[in-house]
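# Summary of the model geometry
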Amino acid sequence: QVQLVESGGGLVQAGGSLSLSCAASGSIFSFNAMGWYRQAPGKQRELVAAISSSGGTHYAESVKGRFTISRDNAKNTVYLQMNSLKPEDTAVYYCAADHDHALLLVSPRSWGQGTQVTVSS
């Protein structure tokens, strides 16, 4: 069983920055791959960024160059630094984890509770 606890998020003006954190606990093997998804009102949940245990990263096209995902394996924590935020980035952001990187990209096994990010124009 994996538990994912998110922190960060909030309200920011367009062009601003926010940072999210997600601490994982449980079977270390279960969170080899970690990442962030988001879901805006009326839209499907979408992958934002993912990172493997070795540090390989994957980003959605819409956030490339603005968001940075990183992880601290010693702390079992993944981070998402969000810069140059846009109103369209407004969504509930979910931390996700899976033992397999490919599965994380399509259907992660474990999810956090979500944290709201609101970007005002």
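Residues numbered from 1 in each chain as written. Predicted model: local features only at pLDDT ≥ 70, side-chain atom pairs only at ≥ 80, totals over all residues. Heavy atoms only, no water.

All right, on to the pattern of salt bridges then. Per the stated rule, a full pass over the model turns up 4 salt bridges. Between D89 and R38 there is a salt bridge, and its shortest N-O distance comes to 2.9 Å. Remark: R38 occurs in strand β4 (residues 33-39) and D89 occurs in the loop between β8 (77-82) and β9 (91-98); sequence separation between them is 51 residues. Taking the relative accessible area as the measure of exposure, R38 reaches 6% and is therefore buried. The salt bridge involving E61 is made with K64; its shortest N-O contact spans 2.8 Å. Taken together, the salt bridges that share partners define one network made up of R38, E46, R66 and D89. (Salt bridge = Lys/Arg side-chain N within 4 Å of Asp/Glu carboxyl O. Helix = DSSP H or I, 4+ residues; strand = E, 2+ residues; numbered from the N terminus. Buried < 20%, exposed > 50% of the residue type's maximum accessible area, 1.4 Å probe, protein only.)

This part is about the state of the cysteines. The full count for this structure, using the stated rule, is 1 disulfide. Between the sulfur atoms of C22 and its disulfide mate C95 the distance is 2.1 Å. The chirality of the disulfide connecting C22 with C95 is left-handed, given an S-S dihedral of about -80°. Of the two residues, C22 is situated in strand β3 (residues 18-26) and C95 in strand β9; the sequence distance between them amounts to 73 residues. Grouping residues by exposure puts C22 and C95 together as buried. (Disulfide = S-S within 2.5 Å.)

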